[in-house]
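Spelled out from the first residue to the last, the chains are:
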Amino acid sequence: MGDDKSIVEAARVSFNNDKIEYEKNRDEKLISYLLKNKHSSPFEHVVFKFHVNAPLFVARQWMRHRTFSYNEISRRYTSENLEFYIPKYYRKQSADNKQASDGKVEENWSTVLDEEVRIHIEKSVSLYEEMINKGVAREQSRIVLPQTMYTHTHTHTPCVPCNT
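This report concerns the structure included in the present document. (Residues numbered from 1 in each chain as written. Predicted model: local features only at pLDDT ≥ 70, side-chain atom pairs only at ≥ 80, totals over all residues. Heavy atoms only, no water.)

Moving on, we get to the nonpolar core. In this structure, Ile7, Val8, Leu30, Ile31, Leu34 and Val46 together form the largest nonpolar core, which totals six residues. Elements represented by at least two residues in this core include exactly helix H1 (4–11) and helix H2 (24–36). Ranked by residues supplied to this core, first place goes to H2 with three residues. Aside from chain neighbours lying at most four places away, what touches Leu34 is Ile7, Ala11, His39, Pro42 and Phe43. Listed in part, the five residues of the second largest apolar core include Phe84, Ile121, Val125 and Leu145. (Core = buried A, V, L, I, M, F, W, Y, C linked by side-chain atoms within 4.5 Å. Buried < 20%, exposed > 50% of the residue type's maximum accessible area, 1.4 Å probe, protein only. Helix = DSSP H or I, 4+ residues; strand = E, 2+ residues; numbered from the N terminus. Contact = heavy atoms within 4.5 Å.)

Turning next to the pattern of salt bridges. With the rule as written, the count across this model stands at three salt bridges. Among the salt bridges present, the one from Arg12 reaches Asp27, with a minimum N-O distance of 2.7 Å. Placement of the pair is Arg12 in the loop between H1 and H2 and Asp27 in helix H2, with a sequence separation of 15 residues. Asp27 shares its class with Arg12; the two are buried. The salt bridge partner of Arg118 is Asp114, with a shortest N-O separation of 3.2 Å. Taken as a pair, Arg118 and Asp114 lie in helix H4 (residues 107–133) at a separation of four residues, close to a single helical turn. By relative accessible area, which is 37% here, Arg118 ends up partly exposed. (Salt bridge = Lys/Arg side-chain N within 4 Å of Asp/Glu carboxyl O.)

As structure tokens, this is what we get:
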């Protein structure tokens, strides 16, 4: 985690002096100057942590605008070409590793699951279309679409100039 001193150190890095003494008034003036003149990079040396509880579609938009740059098909603007992922087979949860799978679910149960997943998707799409037909905004109607839905994105990483 950082603090005002982290910002001041980042701003004064060009002095190449690790033994800069901190003076409250001088440092506050520097921080005010940085803010006023939109010198934002020293502020990136402070880490902020937030715990957020939000629906997936809200969190996705937040990430889209605050992490890296990507454009994604939005169900706010289109209801066309809905595609869904259905696995070829279902895997068992590992007994000793919460982050891993371990083998396949038995074939008979996998067939039942496959049919249940397809029914769930069909019901979700049907409800989505009904909501739209009844005049509910797409941005709200999309909440019933399952996570198995594919998305299409275009991604790029911003070029950050090197300060040498």
